[in-house]
Amino acid sequence: MTNSSLRRFARREWGPLFWTIRDSLAREKWRAIPMTLGAVCLTSVFQIVQNTSWGFQPVQDLGSVKAVDPLWLALLRTPLSLFVPALDLPVWGALAQILLVFGISEICIGWWRTLVVGYVATLAGTTYARIGLSLGPDHPFGLPASDRVVNDTGPSAAVVGLAIYVCWRYRAHLTGALVILVMIGEVLIKDNLAGKEHLAAIAAVMVVCVLRAKWGPRRSRAPLGQRPPPASSAPPGA
């Protein structure tokens, strides 16, 4: 592939996304991502508190989700579970994911759509965990009984779902396909609850994309290059 072909591919794959992000940051700087910055701060606070002698249990009570919990309790804790860092992973990874993916998403589709898509992906993972446990370890999509008590927190399912949604909205199809392939590879290499929840999140967001493409507002269904630029600084509708 020649340099000119690579440039054309890059413009087609990432051009609309790049210019949207660049223009928004150049115009508004950090004011472009207030929700993302709030999420980073909230996650940092949870990390600090849960590592104190007095704060671990309150954080778990507020945002720890396990498949063994009653469904009503899991749903009640889900909104904050997104911002409770996983105990077995470095917190900088969660903060980097939120800042990068939530930030891009907030600029490209707006803060409330970012939260909606993120929660759809997270709830899909939480729901899958219960279904997988009911199927049992011998089923291809099943889970072992030990996963009933796995602490299921963190932003990873939301991050994966948002990456897929933004790639779909901005026609970065190859990038979206690569995200899916990486998540499938994760499950093949390390078959665990988190990896399968990521696939459940992808499936749920893909359903959202299909429904949005078929029944969403006409302007949001048209390719970005065929739409008039927004009249204000607000991000394009999703």
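Residues numbered from 1 in each chain as written. Predicted model: local features only at pLDDT ≥ 70, side-chain atom pairs only at ≥ 80, totals over all residues. Heavy atoms only, no water.

For the protein, the helix and strand inventory stands at 10 helices and 0 strands. In sequence order, the protein lays out its α and β elements as α-α-α-α-α-α-α-α-α-α. For a compact globule of 238 residues, the expected C-alpha radius of gyration is about 18 Å, and the protein comes in at 19 Å, within 12% of that figure. Counting only C-alpha atoms and orienting by the principal axes, one finds that the protein spans roughly 50 × 40 × 35 Å. Total accessible area on the protein is roughly 13,000 Å²; 70% of this is exposed by carbon and sulfur atoms. The distance from the centre of the 23 positive side-chain charges to the centre of the 13 negative ones in the protein is 16 Å. (Helix = DSSP H or I, 4+ residues; strand = E, 2+ residues; numbered from the N terminus. Rg over C-alpha atoms; globule rule 2.2 N^0.38 Å. Areas by Shrake-Rupley, 256 points an atom, 1.4 Å probe, with all protein chains shown as cover. Lys, Arg positive; Asp, Glu negative; His and termini not counted. Charge placed at Lys NZ, Arg CZ, Asp CG, Glu CD.)

Moving on to the layout of surface pockets. Size it by volume and the largest pocket reaches roughly 770 Å³. What lines the largest pocket is a set of 32 residues, among which Ala86, Leu89, Ser156, Ala194 and His198 lie closest to the centre. Where the lining of the largest pocket is concerned, the elements lending two or more residues are helix H5 (91-109), helix H6 (111-135), helix H7 (156-169), helix H8 (173-189) and helix H9 (193-215). The residue inventory of the lining of the largest pocket, partitioned by class, reads 15 nonpolar, 11 polar and 6 charged. (1 Å grid on protein atoms, 1.4 Å probe; cavity = no way out; pocket = protein on both sides within 12 Å on 5 of 7 lines; lining within 4 Å. Points joined across faces, edges and corners; volume = space filled by probe spheres on them. Nonpolar A, V, L, I, M, F, W, Y, C, P; charged D, E, K, R; others polar.)

Here the focus is the nonpolar core. If you look at the biggest cluster of nonpolar residues, it comprises 36 residues, and the most contacted ones within it are Leu17, Phe83, Phe102, Cys108, Leu162, Tyr165 and Val205. Looking at this core, the elements with two or more residues in it are helix H1 (3-28), helix H2 (34-50), H5, H6, H7 and H9. Among the elements that line this core, the one with the most residues is H7, at 9 residues. The residues touching phenylalanine 83, leaving out its near neighbours within four places in the chain, are Ala39, Leu42, Thr43, Phe46, Phe102 and Tyr119. Core analysis: the second largest hydrophobic core is formed by 7 residues, Leu133, Leu143, Leu193 and Ala200 among them. (Core = buried A, V, L, I, M, F, W, Y, C linked by side-chain atoms within 4.5 Å. Buried < 20%, exposed > 50% of the residue type's maximum accessible area, 1.4 Å probe, protein only. Contact = heavy atoms within 4.5 Å.)

It is worth spelling out the packing of H7 against H8 at this point. Between H7 and H8, the least distance of the axes is 8 Å, while the angle of their chain directions is 155°. Between H7 and H8, the angle is such that the two are roughly antiparallel. The crossing of H7 and H8 is left-handed. Mapping the contact onto sequence places Val160, Ile164 and Cys167 in H7 and His173, Thr175, Gly176, Val179, Ile180 and Met183 in H8. Tallied by class, residues from the contact of H7 with H8 come to 6 nonpolar, 3 polar and no charged. (Axes fitted to C-alpha atoms, helices over the stretch in contact; angles between N-to-C directions. Parallel < 35°, antiparallel > 145°, perpendicular 65-115°, else oblique. Left-handed = near helix turned anticlockwise from the far one by under 90°.)

Turning to its location among the elements, serine 81 is positioned in helix H4 (residues 71-81). For serine 81, a relative accessible area of 3% gives the class buried.

Our next topic: the pattern of salt bridges. With the rule as written, the count across this model stands at 5 salt bridges. With a shortest N-O distance of 3.7 Å, glutamate 28 and arginine 27 are connected by a salt bridge. On the basis of relative accessibility, which here comes to 44%, the residue arginine 27 falls in the partly exposed class. Of the charged contacts in the structure, one is a salt bridge between aspartate 191 and lysine 196, with a shortest N-O distance of 3.4 Å. On the basis of relative accessible area, aspartate 191 is assigned to the exposed category, the value being 54%. Residue classification places lysine 196 among the buried residues on the basis of a relative accessible area of 11%. (Salt bridge = Lys/Arg side-chain N within 4 Å of Asp/Glu carboxyl O.)

Before going further, it helps to spend a moment on unusual backbone geometry. The backbone of lysine 29 shows a phi angle near 55°, a positive value even though the residue is not glycine. As for its position among the elements, lysine 29 is in the loop between H1 and H2. Within the chain, arginine 171 stands out as a residue other than glycine whose phi angle is a positive 55°.

Before going further, it helps to examine the packing of aromatic side chains. What characterises a pair of aromatic rings is the spacing of the ring centres plus the angle enclosed by the ring planes. In this structure the tally under the stated criterion is 3 aromatic pairs. When the centroid spacing of 5.2 Å and the interplanar angle of 75° are considered together, the rings of phenylalanine 18 and tryptophan 19 count as edge-to-face. The exposure class of phenylalanine 18 is partly exposed, given its relative accessible area of 46%. Of the residues examined, tryptophan 19 reaches a relative accessible area of 43% and is grouped as partly exposed. Taking 5.5 Å as the distance between ring centres and 50° as the angle between the ring planes, the aromatic pair formed by tyrosine 165 and tryptophan 168 counts as tilted. A residue pair is termed a helical-turn pair when its members lie 3 or 4 positions apart in one helix, as tyrosine 165 and tryptophan 168 do in helix H7 at 3 residues. Accessibility expressed as a relative area gives 3% for tyrosine 165, which makes it buried. For tryptophan 168, a relative accessible area of 18% puts it in the buried group. (Phe/Tyr/Trp six-rings, centres within 6.5 Å; stacked < 30°, edge-to-face > 60°.)

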